[in-house]
Amino acid sequence: MTTAYELRCKGCGKTYGLQPLSICEDCFSPLEIVYDLEYARTRFTRYAIANGPLNMWRYRALLPVRDSYVPKTPAGLTPLVEAPRLGEHIGARNLYLKNDAVCMPTLSFKDRVVAVALANAQDFGFDTVGCSSTGNLANAVAAQAARLGLKTFILVPADLEPAKILNTQVYGATLVRVDGNYDHVNRLCSQIADRYNWGFVNVNLRPYYAEGSKTVGYEIAEQLGWRLPDNIVCPMAGGSLITKIRKAFDELIALGLVDEKPVRFFGAQATGCSPIAKAVKGGTDVIEPQRPNTIARSLAIGNPADGMYAARTILATGGWAEDVSDVEIVSAIQELAETEGIFTETAGGVTTAVTARLYAHGRIQRDELTVSCITGNGLKTTDCLNGAYEQSEAIRPRLADFEIYVEEHGATRQQLSTAGGNHVR
Ligand SMILES: *Cc1c(COP(=O)(O)O)cnc(C)c1O
Ligand SMILES: [Zn+2]
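Thresholds, definitions, all that
Residues numbered from 1 in each chain as written. Chains lettered and ligands numbered in written order. Predicted model: local features only at pLDDT ≥ 70, side-chain atom pairs only at ≥ 80, totals over all residues. Heavy atoms only, no water. Salt bridge = Lys/Arg side-chain N within 4 Å of Asp/Glu carboxyl O. Helix = DSSP H or I, 4+ residues; strand = E, 2+ residues; numbered from the N terminus. Buried < 20%, exposed > 50% of the residue type's maximum accessible area, 1.4 Å probe, protein only. Donors = N, O, S within 2.8 Å, 3.2 Å for Na, K, Ca; no water. Tetrahedral: all angles 85-135°; square planar, octahedral: opposite > 155°, others 65-115°. Near = heavy atom within 4 Å. Polar contact = N/O pair within 3.5 Å; in protein donor to acceptor, adjacent residues only side chain to side chain. Areas by Shrake-Rupley, 256 points an atom, 1.4 Å probe, with all protein chains shown as cover. Pairing = 2+ DSSP bridges. Contact = heavy atoms within 4.5 Å. Domains from an automatic or database assignment. Buried area = accessible area lost by both parts, 1.4 Å probe. Nonpolar A, V, L, I, M, F, W, Y, C, P; charged D, E, K, R; others polar.

Quick look at the pattern of salt bridges
This model, assessed by the stated rule, comprises 29 salt bridges. Residue Arg41 is joined to Glu38 by a salt bridge in which the shortest nitrogen-to-oxygen separation is 3.2 Å. One end of the pair, Arg41, and the other, Glu38, are both in helix H1 (residues 37–41), 3 residues apart, so they sit about a helical turn from each other. The partly exposed category is assigned to Arg41, whose relative accessible area is 37%. One connected set of salt bridges, linked through shared partners, spans Lys10, Glu32, Glu211, Lys214, Lys244, Lys247 and Glu251.

Things to note about the coordination of the zinc ion (ligand 2)
Here the zinc ion (ligand 2) is held by Cys9 (SG), Cys12 (SG), Cys24 (SG) and Cys27 (SG), and the distances to it run 2.3 Å. Classification of the site at the zinc ion (ligand 2) as tetrahedral follows from its 4 donor atoms and the range of 96 to 118 degrees in their angles at the metal. Coordination of the zinc ion (ligand 2) draws on donor residues from a single chain, spaced C-x2-C-x11-C-x2-C in sequence. Assessed through its relative accessible area of 1%, Cys24 is described here as buried. Judged by its relative accessible area of 31%, Cys27 is partly exposed.

Section: the site of ligand 1
Inspection of the region around ligand 1 gives 16 residues, with Lys110, Gly238, Gly239, Leu241 and Thr375 positioned closest. In the environment of ligand 1, an oxygen atom lies 2.9 Å from a nitrogen or oxygen atom belonging to the side chain of Asn136. Coverage of ligand 1 by the protein amounts to 97% of the 380 Å² it exposes when considered alone.

Thoughts on unusual backbone geometry
Cis geometry is adopted by the peptide bond preceding Pro105, which originates at Met104 and carries an omega value of 5 degrees. The residue Pro105 is located in the loop between strand E4 (95–99) and helix H4 (110–123) in this model. We note that Leu77 has phi near 50 degrees; this positive angle belongs to a residue other than glycine. Judged by relative accessible area, which is 26%, Leu77 ranks as partly exposed. Despite not being glycine, Trp226 shows a phi value in the positive range, around 55 degrees. Secondary-structure assignment places Trp226 in the loop between helix H9 (214–223) and strand E9 (231–235). You can call Trp226 buried: its relative accessible area is 13%.

Considering the pairing of strand E10 (residues 264–270)
With 6 of its 7 residues buried, E10 lies for the most part within the structure. Pairing between E9 and E10: 5 bridges, direction parallel. Residue pairing across strands places Ile232 opposite Phe265, the latter belonging to E10. Where E10 lies against strand E11 (residues 320–324), 5 bridges are found, and the strand directions are parallel. Across the sheet, residue Ala270 finds its bridge partner in E11, namely Val324.

Description of the environment of Glu251
Note on placement: Glu251 falls in helix H10 (residues 240–254). Separated by 189 residues in the primary sequence, Glu251 and Leu62 have C-alpha atoms spaced 8.8 Å apart. In contact with Glu251, other than residues within four places in its own chain, are Tyr35, Leu62, Lys214 and Tyr218. In terms of polar contacts, Glu251 uses its side chain to reach the side chain of Tyr218, at 2.4 Å.

Concerning the side chain of Asn120
Looking at the element boundaries, Asn120 is found in helix H4. The buried category is assigned to Asn120, whose relative accessible area is 4%. From its side chain, Asn120 meets the backbone oxygen of Val116 in a polar contact 2.9 Å long. The contact partners of Asn120, leaving out residues within four places of it in the chain, are Pro64, Val65 and Tyr208.

Section: the domain arrangement of the protein
When its domains are assigned, the protein resolves into domain 1 (80–107 + 213–385) and domain 2 (110–212). Its C-alpha centre places domain 1 at a distance of 24 Å from the equivalent point of domain 2. Tallying the contact residues gives 32 residues for domain 1 and 24 residues for domain 2. Per-residue buried area on domain 1 facing domain 2 is highest for Thr106, Arg297 and Lys380; these three make up 30% of the total on that side. Applying the counting criterion to the domain 1 and domain 2 interface returns 7 salt bridges. Where Glu211 meets Lys247, a salt bridge forms, and the shortest distance between an N and an O atom there is 2.8 Å. Only H9 and H10 provide two or more residues apiece to the side of domain 1 that touches domain 2. Take the side of domain 1 that touches domain 2: its biggest share by element is 4 residues, from H9. A class-by-class count of the residues in the side of domain 1 that touches domain 2 yields 11 nonpolar, 9 polar and 12 charged.

Set out below in structure tokens:
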């Protein structure tokens, strides 16, 4: 290898050098970045990482960027927090949350993938970038492209949540709403990328993009004191994140930064779009595309690009996949907020509800060290809570009025702390 990494086909192993390409010309399998681990061994050390910046670029020795690249977006290094109160609710004693609801700059884990994709877009000389998106990717591309001074075309399904549309347009991106679902949008983007020579982060730049997801895995291991957990629970849309957390763990083991141990991977989807969970439940890695119908829009990919690899990751590690209804998603968003003070979007509701079910069904044992990945912020999907809370009449600014208010309402808060609450399971 002339560089520390290159592009290689996951199916047939053909190598492609470094170029904006995501599918093998011979066998149509996805392309992936592979590293010269011997070269990385001297640079990707606990010591070097500890002395790196306080963001995802501390792991740059195993990210596909040139040595001379100066990162512009300090994404990642989000909190890993214990979740004892949620744990009490769902029967978990050793549960952690990886909180990418507060990933900077746009409050989802997509900031990680975009940071790596745009570094390469600039390297390849693209002056215009874009993506097909279920929402969070649109926000991340728009914000980071603004900072880099790149022109941006973003294509989304027309019925996306209003906050995700606004959070794209505010950065000056050109937002194209497409009458269709994500899978239609994605197909159109492939055609546009070919025709216009633009860098689409999740189309022709997808192998670079996907590597950014590994930083979730590196961080979990480092934040656990360079240990691997017993279980990972991860939401799945295209199925990339879950496979890349596993790749991160495998690299850490190969380089001796953590002790080898089996980690089981559990996938979470909404029932209204659950092609990967369905395959796993059937014991197969063959994905049957679905037409999405769920409030968890950020996970609503009916024909997931990495679905087969996600299913294999789950089946090969002895994990499982579950899917939950829209009612359960909303209830889990509230449960997570009320127990741990984390307001997540619908995707995080999916993850939380699935985590609860995995414990309830005995798929995860209560003392196992389990990390549940919260990937997006609730402020972006407030519409799913419309009507959930009443506003009381305003009171006059007088103590007597407040006392009357407490008489009438005082006992209504904190229902959750009594008897497990009334949340759907
Ligand atoms: C995109 C997204 C995911 C899933 O990512 P994949 O790598 O496509 O499986 C999970 N959560 C949120 C909030 C997302 O935006
Ligand atoms: Zn191939």
